[in-house]
Amino acid sequence: ERQATPAAVEQASDSTPAEAQAAHGATPRGEPGPTVSVTFRHLQEQFSRPAVRKALKDRKVFGINLIALVGVLLFVGAMGKSAQVPLYVWLPDAMAGPTPVSALIHAATMVTAGVYMVARLNFLFALSPFLMTWVTVVGAITAVFAATIGFFQNDIKKVLAYSTVSQLGFMFIAVGVGAYGVGIFHLMTHAFFKACLFLGSGSVILGCHHEQDMRKMGGLRKLMPLTAVTYFAACCAIAGFPLTAGFFSKDEILWKAFDAGNLLLPGGGVMIWALAAIGALCTSFYMFRSYYMTFSGEYRGGTPAHGHGTASDDARAGHDQGHGHHAPAARPHESPVTMTLVLAVLAVLSLIGGWVGLPHVWRLPNYLHHWLEPVFEESAGWISTAGHGARAEWTLMAVSICLALGGWLLARWLYRDLKNPLPRKLLDSPNPFLRGIHRLVFNKYYVDEIYAALVVAPVMRLRLICDWIDRRIVDGLVNLAGPIARGLAWLQGTTDVRIVDGAVNGTAWLIDRGGRVVRQVQTGKIQTYLYVIVIGGVALVLTTYLLIP
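Throughout, residues of each chain are indexed from 1 in the direction in which the sequence is written. Only residues with pLDDT of 70 or above have their local features reported here, since the model is predicted, and side-chain atom pairs are shown and tallied only from 80 upward, although totals for entire chains, interfaces and linings are computed over all residues. Water and hydrogen atoms were dropped before computing side-chain values, which therefore reflect all heavy atoms in the structure.

Draft legend 1. Looking closely at the overall build of the chain. Here a helix means four or more residues in a row that DSSP labels H or I, a strand means two or more in a row labelled E, and each is numbered from the N terminus. Looking only at helices and strands, the chain has 24 helices and two strands in total. We call a residue buried when its accessible area falls under 20% of the maximum for its residue type, exposed when it is over 50%, and partly exposed in between, using a 1.4 Å probe and counting protein chains only. Considering the chain as a whole, with its 549 residues, one finds that 42% of them fall into the buried category. Here, Shrake-Rupley sampling with a 1.4 Å probe gives the accessible areas, and only protein chains in the shown set may cover a residue. Counting every atom, the chain has about 28600 Å² of accessible surface; 69% of that belongs to carbon and sulfur.

This is how it looks when you write it as structure tokens:
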């Protein structure tokens, strides 16, 4: 954005001074003019002008504020790109690809582009409290919604996929409350521990001979120690254990949400903080659930599945070890060094990668904030806070640590070695409320079924209607065009043969017959000519005599 290409420099050198000024957003008199560009820097320069901001804030389209309308439409694209409710269903399905690709997509590249866009357009989103509120609310709902789905998922990669959706919700909470640098900070730390988790799951899947069901794993801490250690480190980071990368970024998000002053919500950001705190607790629980189901206890490979989608699927496989027959399966093995070395690097970054963004309340350098400050300095003056002090931030930091440790201890108590009978008792409970809650969450709140009923089914019906129109009407018209064309060709041919050719041939025949008749007059005999002259003369005399009185 800051460097001109050689072609641009050459073009600028060949242009007149007036053209050069116009190209840089100024008129020949030196007055600021419009810059026709979609470059972030140029847009930010335009929004830095008070007159432009005021004009845009006062402008309405169909009674809707122009900035809010543009921001909402941009954020709808970000919702689809970054898998926010309700446009998230594609992301869990995308994890079906190769695990390294999943690690790239989920950790730091494609799905985080929506967060980057909102953060980079901070000068636009910060102008509208309604827009900031909408972004924050969508992010908070997504963070909790996706986190609860992870409770009962048995596919290790699907757990991580829904975790990605939830963590993206945390990033949108940050950019929604105006903490744009914090959102980018969490994007960075998330790249470390989520890549480590996905590649760790790939190591587990490889070691378990392409098995992804955590109910058929277990005991891998002894069989795959390096993978287990790195996976545990990444779980600590995503849960927000103290001094890990995720602790600094997630704690900063919770604090900024609590202290937000631009949201159009009762109590400001307190409601958002409560939702984010619930999401953080859920994150710690389901991530350590995946760890203990995968790495603790005894290896359960070859255990037959106990149905699909039943209420007791989550725990029964582990508690039924020793019942039924185990199919023979090769023992898992540790992955080669080419994989474990990468996991080790990512695990270290998951633990220390957040130290570049230490909280300001610690009075230590925050290098990332300083580095990103020029990008967000334009909108910094438009963001207000609730004014809570350092004591509140320290208190919330302690609450954040308790949430992380609480989720870990709960998952450890329920799923370590799969010896606790409580999960099975709860899932097999005759209480219809408990079974209904489990069925609702296990089936991902039936969002896929709702999409199938409201989107897929109508589209399929429309497909059948279009097919019928194509076969019966379009094809019928096309097929009818053939007989019509043949009929027109016959009519044209008949007209050409019978009328046009008939007229031409008839003319020739008349001329021929006339010639034969006229030819009789020129016989070449003098006697005949004399007879004609005499007869003509007599006829002339008689005519004159009879007609003239």
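On we go.
Draft legend 2. Molecular detail of the packing of helix 12 (residues 180–207) against helix 18 (residues 337–352). Every axis corresponds to a line fitted to the C-alpha atoms, with the helix fit spanning only the stretch in contact, and the corresponding angles, defined between N-to-C directions, vary from 0 to 180 degrees. As a packed pair, helix 12 and helix 18 sit with axes 8 Å apart at the nearest point and diverge in direction by 150°. Between helix 12 and helix 18, the angle is such that the two are roughly antiparallel. The chirality of how helix 12 crosses helix 18 is left-handed. Counted together, F192, F193, A195, C196, L199, G200, G202, S203 and L206 of helix 12 and M339, V342, L343, L346, A347, L349 and S350 of helix 18 form the full contact between these two elements. As a working rule, the residues Ala, Val, Leu, Ile, Met, Phe, Trp, Tyr, Cys and Pro are called nonpolar, Asp, Glu, Lys and Arg charged, and the rest polar, with Gly in that last group. Tallied by class, residues from the contact of helix 12 with helix 18 come to twelve nonpolar, four polar and no charged. Any angle that is under 35 degrees is reported as roughly parallel, and any over 145 degrees as roughly antiparallel; angles of 65 to 115 degrees are reported as roughly perpendicular and all others as oblique. Each helix crossing is assigned a hand: it is left-handed if the near helix lies turned anticlockwise from the far helix by less than a right angle, otherwise right-handed if that turn is clockwise. A contact between two residues is defined here by any heavy atoms of the two lying within 4.5 Å.

Draft legend 3. Examining helix 23 (residues 447–519) more closely. Here helix 23 spans 101 Å end to end across 73 residues, near enough to the 108 Å set by a 1.5 Å rise per residue. Taking the largest bend as the criterion, helix 23 deviates by roughly 40°, centred on G502. Any helix carries an expected span of 1.5 Å times its number of residues minus one. Throughout, bend refers to the angle between the axes fitted to the seven residues that end at a position and the seven residues that start at it.

Draft legend 4. Quick look at the packing of helix 12 against helix 14 (residues 225–239). Viewed as axis vectors pointing N to C, helix 12 and helix 14 meet at an angle of 150°, and their least axial separation amounts to 9 Å. Judged by the twist between their axes, the crossing of helix 12 over helix 14 is left-handed. Of helix 14, the residues touching helix 12 (which contributes F193, K194, C196, L197, G200, S201, S203 and V204) are T227, T230, Y231, A234, C235, A237 and I238.

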